[in-house]
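# Descriptive structure summary
Here's the letter readout for the chains.
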Amino acid sequence: MAFILLPLIEMMTAPSFAMLKETIKDKDVVRSIWLSIYTAGLAALISFVFGTPLAYVLARTDFRGKKLVESIIDLPIVIPHPVVGIALLSVAGKNHWIGELLNQLGIRIMGSVTGIVVVLTFVGMPFYINAVKSGFESISPRLEKVSRSLGASMFSTFFRITFPLAWRSMLVGIVMCSARAISEFGAVVIVAYHPMIAPVMIYERFEAYGLKYSQPVAVWLVFICLTLFLILRILTSHDKEKA
Amino acid sequence: MIRIRNLNIHLKEFNLFDINLDIGTNEFFILMGPTGAGKTVLLEAIAGLIPVKSGSIHIGEKNVTGLVPEKRGVSIVYQDYSLFPHLTVRENITYGLHFHRIDKDRSDETFDRLVENLNLSYILNRVPLNLSGGELQRVAMARALMVNPEILLLDEPLSALDPGFREEIRAGLKKLHRDSNVTFLMVTHDFAEALSLSDRAAMMNNGKIIQTGTMEDIFKRPDSTFVADFVGMKNLFAAQFRETKALTGNLEIELGAKPVNGHGYIAIRPEDIVLSQGELTSSMRNSFAGNITEISDHGLYYEAGIMVGNITFKSLITKGALLDLQLTEGTSIFVSFKSTAIHTF
């Protein structure tokens, strides 16, 4: 506990109020924190849209090579972060047909918000899929079968039975995914140094001006993220009591 | 009502082989067999919840083999009742109404009738989480019947209930069936339950139906050693038939008539074997001297094993008879049974 808390508390209490106040007035800081939050949010949204059906299929079906698919999904968790960035660039770069195609479509990955979102989705999606998959697995398939036998189509069954029972795990997945995304640094710094997300800015200030100048930005990032996740947690636990 | 022809199902863990079954309208049909025999798979196939490899399923005149479950008019009640945990009892019962065009007055009337018959009025606004087993079972029944299904499939609906409670629910189930025009198909592995509820049954083992017939047929005239064993025909012996006699071990048993379908087995229900201190002489009876080798307590009755020659007969006796005859292991005793109690197959 102390091992986790001591450095964090030390960092949080180091900058003075005046300094914190000054930092938050800095437009660059606000922009980078905001960028961090909304790119992470977008990554979570993309994971929600594409990860939910995949998680459902993984939870409900059994097929040859399922273990392999699951290992592939977990891969982004184990690869070193800069490697993720390099890997993405090798696909999105000019020497690859996908990169070429993207280029023709006017989509830029290198040094763009799109690039950041792609990276964050890449590292965050496994967390979403795993959380939601176990959520789906905890719902007895019999509930869906009974629903079908009572006249509900597959579609109605999903929205009336499966979704209401699984949405909490989806929220947890979103929290996990965006938490992972906000904390990403290594991969982003390779794909998009600019526009600067908060971790990159903290790193840059540390490099250029030293510890003292990077701390306030870090404090603000931690504080805002903490508040956001706390709100999400409260939202989920609130409903648990009702049910 | 239900007509199944040459049905084959091959799933990863479960297989059904060449299932043929006919169930009449408004019949109460029982499906029996040990765990893993494929009973639940067959129910789910009828409900359309699992893919069929080959064969056909007709409900009424309609071929439903490839039909989606929501269009079949088949309700299912699982062993664990599978109530929707996020809905109240009322919402559970009326769930199916979202998808059926049933006149409001009529559905209200059905709802009131089911709630009254199943005694659910006091829990309508509760969620399933804190209901008792019996309550869950009744809610699941109401939910299944609310949509006026043609067929109700019951997957061991009583096995999760307290034994003392089961009889009452069983009576309720019978009444529910009598009052409706729904065809009931129920899975159970409790033979007493099957006997008290239904007239006809099928016995399954290893994904196949091995005997179909009236309860009486299956109970008294099993056509395989497996069924005989399953229905509690504890006295099951391989035998050779000679005229009206069966030879088993070193015993000669009088059958009273020539066996019509003897394929080498005789079976006698343990409750048909009478124990006495003296030999019972009657032309209809077989009576042999033997020694008691074991007595086991089954709660309401005792089961005695009696060694006659090199064969052990099993007999059911009451506690009273046990005391009257002063039976202990080693006691010499006569076993007697009527020729008509002997089933040959």
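Residues numbered from 1 in each chain as written. Chains lettered and ligands numbered in written order. Predicted model: local features only at pLDDT ≥ 70, side-chain atom pairs only at ≥ 80, totals over all residues. Heavy atoms only, no water.

## Points about the environment of Tyr38 of chain A
Residues and elements named next belong to chain A. Structurally, the position occupied by Tyr38 is in helix α3 (residues 27–60). Tyr38 gets classed as partly exposed once you look at its relative accessible area, which sits at 33%. Sequence spacing of Tyr38 and Phe155 is 117 residues, and the spatial spacing of their C-alpha atoms is 31 Å. (Helix = DSSP H or I, 4+ residues; strand = E, 2+ residues; numbered from the N terminus. Buried < 20%, exposed > 50% of the residue type's maximum accessible area, 1.4 Å probe, protein only.)

## With respect to the pattern of salt bridges
On inspection of all chains with the given rule, the structure shows 21 salt bridges over all chains. For the salt bridge of Lys133 of chain A with Glu70 of chain A, the shortest nitrogen-to-oxygen distance reads 2.8 Å. Linking Lys133 of chain A in helix α7 (residues 113–137) with Glu70 of chain A in helix α4 (residues 66–78), this pair joins segments that are 63 residues apart in sequence. Across the pair, Glu70 of chain A and Lys133 of chain A agree in class, each one buried. Here Lys39 of chain B and Glu156 of chain B are joined by a salt bridge, their closest N and O atoms 3.6 Å apart. One end of the pair, Lys39 of chain B, is in helix α1 (residues 39–47); the other, Glu156 of chain B, is in the loop between β7 (151–155) and α5 (163–179), and 117 residues separate them in sequence. Taken together, the shared-partner salt bridges in this structure form one network comprising Lys234, Glu294, Glu303 and Lys314 of chain B. (Salt bridge = Lys/Arg side-chain N within 4 Å of Asp/Glu carboxyl O.)

## Here we look at the pairing of strand β14 (residues 251–254) of chain B
All names here are of chain B. By the alternation rule, side chains of β14 split into Leu251 and Ile253, which are all buried, and Glu252 and Glu254, of which none is buried. Relative to β14, strand β13 (residues 245–248) is paired through four bridges, and the arrangement is antiparallel. Residue pairing for β14: Thr248 is matched across the bridge by Leu251. Joining the antiparallel neighbours β13 and β14 is a turn of two residues, in which Gly249 adopts a positive phi near 55°. (Pairing = 2+ DSSP bridges.)

## Comments concerning the interface of chain B and chain A
Where interface size is given, it is often the accessible area lost as the parts come together that is meant. If you look at the interface, chain B gives 27 residues, while chain A gives 19 residues. Overall, the association of chain B and chain A removes approximately 2,000 Å² of surface from exposure, summing both partners, and the carbon and sulfur fraction of that is 63%. At the junction of chain B with chain A, the criterion picks out four salt bridges. Linking Asp62 of chain A and Lys12 of chain B is a salt bridge whose minimum nitrogen-to-oxygen distance equals 3.3 Å. On inspection of chain B and its partner chain A, the count reaches seven residue pairs in polar contact (both at pLDDT 80 or more). For the side of chain B that touches chain A, the element with the highest residue contribution is strand β6 (residues 74–77) of chain B, accounting for three residues. (Contact = heavy atoms within 4.5 Å. Buried area = accessible area lost by both parts, 1.4 Å probe. Polar contact = N/O pair within 3.5 Å; in protein donor to acceptor, adjacent residues only side chain to side chain.)

## Regarding the layout of surface pockets
Considered as a void within the structure, the largest pocket measures approximately 1,500 Å³ in volume. Lining the largest pocket are 42 residues, with Arg60, Pro141 and Lys145 of chain A together with Leu49 and Ile50 of chain B positioned closest to its centre. Among the elements of the structure, α3, α8 (141–149) and α9 (154–182) of chain A together with α1 of chain B are those that each provide at least two residues to the lining of the largest pocket. Residues of the lining of the largest pocket, tallied by class, amount to 17 nonpolar, eleven polar and 14 charged. By volume, the second largest pocket is sized at about 460 Å³. Residue lining of the second largest pocket: 20 residues in total, with Ser339, Thr340, Ala341, Ile342 and His343 of chain B positioned closest to the centre. (1 Å grid on protein atoms, 1.4 Å probe; cavity = no way out; pocket = protein on both sides within 12 Å on 5 of 7 lines; lining within 4 Å. Points joined across faces, edges and corners; volume = space filled by probe spheres on them. Nonpolar A, V, L, I, M, F, W, Y, C, P; charged D, E, K, R; others polar.)

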